[in-house]
Amino acid sequence: MTARIIDGKAVAAEVRSRVTRASAELRAAGKVPGLAVVLVGEDPASVIYVRNKTAAARECGIEVHDHKLPATTGQAELLALVDRLNADPAVDGILVQLPLPKPLDAKRAIEAIDPAKDVDGIHPMSAGLLAAGTPRFVSCTPKGCMALLRSAGAEIAGARALVIGRSNLVGKPMAQLLLLADATVTVAHSKTRRLDEEVARADIVVAAAGKLEMVKGAWIKEGAYVIDVGTNRRPNGKLGGDVEFDVAVERAAAITPVPGGVGPMTIAMLLDNTVESARARSSGRQ
């Protein structure tokens, strides 16, 4: 068996096309979707991420409100900006790019965002609503992973799903989404014993531990669906995932590559959340 390669770029393009149509409909009705992006400092990776996110948003008809602050910005100044964005009717979504420079407290900054504008899906209230089974905004990467599974034709209901990683950004919300889709879910992490056995019994594997090729291809169950969230640097500088791709591809039914798999979906789902927020606000649901 040779796995189908799940093309994250193609699926993301479909999502962005849908977002563009939704933006056009909202604009025609007099509502311009707005995304506020806050970047503090000049972290090179963050600068690139913000550039990519803002360019994608504008291409989809979303108005971007850029706020670039110096690394010397104080906590009170950052929180005051978030408060202004919360009150701004032109802003439907707020993204505070992480990590923040020290000594800024990222937790306080995220908690200051109005949950109704938390299009990144990382506010504690967003996490609580997801855990309660009534999500408003879902963290973008897990939401993208679910779209990739569905695009590959995975039968999620009733499947044994294994999530490797327990972060608040990916692992925990990923497990909740799979539960909502009626999978039987196990969460593994750095203290899990016999990870190979957990992987071998899983119909769906989502690897989000951040360790290069920690999931050996030989562990993958024949016909499993594999979503690799990992983005790790190999010694030669190239990117690699958490899964040993070259072996896993011979066993899985479908698998995401790194790069080109999960990565493009994160931005696409941020834009999707933003137009959903704009739609809700224009209809008075927020």
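Residues numbered from 1 in each chain as written. Predicted model: local features only at pLDDT ≥ 70, side-chain atom pairs only at ≥ 80, totals over all residues. Heavy atoms only, no water.

**Considering the overall build of the protein**
Scanning the protein for helices and strands turns up 10 helices and 11 strands. Taking the principal axes of the C-alpha coordinates as reference, the protein spans close to 50 × 40 × 35 Å. For the protein, buried positions account for 49% of its 286 residues. Taking the intrachain contacts of the protein between residues at least 6 apart in sequence as the baseline, contacts between residues at least 24 apart amount to 71%. Of the charged side chains in the protein, 36 are positive and 32 negative, and the gap between their average positions amounts to 2 Å. (Helix = DSSP H or I, 4+ residues; strand = E, 2+ residues; numbered from the N terminus. Buried < 20%, exposed > 50% of the residue type's maximum accessible area, 1.4 Å probe, protein only. Contact = heavy atoms within 4.5 Å. Lys, Arg positive; Asp, Glu negative; His and termini not counted. Charge placed at Lys NZ, Arg CZ, Asp CG, Glu CD.)

**A look at the pattern of salt bridges**
What the rule picks out here adds up to 15 salt bridges. Between glutamate 111 and lysine 107 there is a salt bridge, with the nearest N and O atoms lying 2.8 Å from each other. Of this pair, glutamate 111 and lysine 107 are both found in helix H4 (residues 106–112), four residues apart, which corresponds to roughly one turn of the helix. A residue is classified by how much of its surface remains accessible, and glutamate 111, at 36% relative accessible area, is partly exposed. Residue class for lysine 107 comes out exposed when judged on its relative accessible area of 55%. (Salt bridge = Lys/Arg side-chain N within 4 Å of Asp/Glu carboxyl O.)

**Some words on the pairing of strand S3 (residues 63–69)**
Judged from the seven bridges that link them, strand S2 (residues 34–40) and S3 form a sheet pairing that is parallel. Note that in S3 the partner of valine 40 across the bridge is leucine 69. In the classification by handedness, the crossover that spans S2, the intervening helix H2 (residues 44–59) and the parallel S3 is right-handed. (Pairing = 2+ DSSP bridges. Right-handed = clockwise from strand over helix to strand, strands pointing away.)

**A look at the side chain of asparagine 273**
Mapped onto the fold, asparagine 273 is located in helix H10 (residues 263–282). Asparagine 273 sits in the buried class, given a relative accessible area of 2%. There is a polar contact of 2.9 Å between the side chain of asparagine 273 and the backbone oxygen of valine 119. Looking at asparagine 273, its side chain comes within polar contact range of the main-chain oxygen of valine 138, at 3.2 Å. Not counting the four nearest positions on each side in its chain, asparagine 273 is found in contact with Val119, Phe137, Val138, Cys140 and Lys143. (Polar contact = N/O pair within 3.5 Å; in protein donor to acceptor, adjacent residues only side chain to side chain.)

**As for the layout of surface pockets**
The space that makes up the largest pocket amounts to roughly 1200 Å³. Every residue lining the largest pocket is counted, 36 residues in all, and those nearest its centre are Tyr49, Thr141, Thr231, Gly263 and Thr266. For the lining of the largest pocket, the elements supplying multiple residues, two or more each, are H2, strand S4 (93–96), helix H6 (140–151), strand S9 (232–233) and H10. Examining the composition of the lining of the largest pocket, we find that five residues originate from one element, H10, more than from any other. (1 Å grid on protein atoms, 1.4 Å probe; cavity = no way out; pocket = protein on both sides within 12 Å on 5 of 7 lines; lining within 4 Å. Points joined across faces, edges and corners; volume = space filled by probe spheres on them.)

**Section: the environment of threonine 274**
Within the secondary structure, threonine 274 sits in helix H10. Among all residues touching threonine 274, those that are not within four sequence positions of it are Gly34, Leu35, Ile62, Asp92 and Val119. Of the polar contacts made by the side chain of threonine 274, one reaches the backbone oxygen of leucine 270; its length is 2.9 Å.

**Some remarks on the sheet that holds strand S1 (residues 4–5)**
Ordered in space as S1-S11-S8-S7-S5-S6, the six strands form an open sheet in which the pairing is parallel. Strand pairing shows two members of the sheet lacking a second neighbour, S1 and strand S6 (184–188), which therefore form its edges. By the bridge criterion, four bridges tie strand S5 (residues 160–164) to strand S7 (residues 204–207) in an arrangement that is parallel. Counterpart to alanine 161 in the pairing with S7 is isoleucine 204. Docked against the sheet, H6 engages S1, S7 and strand S8 (225–228), running at close to 150 degrees with respect to S8. (Axes fitted to C-alpha atoms, helices over the stretch in contact; angles between N-to-C directions.)

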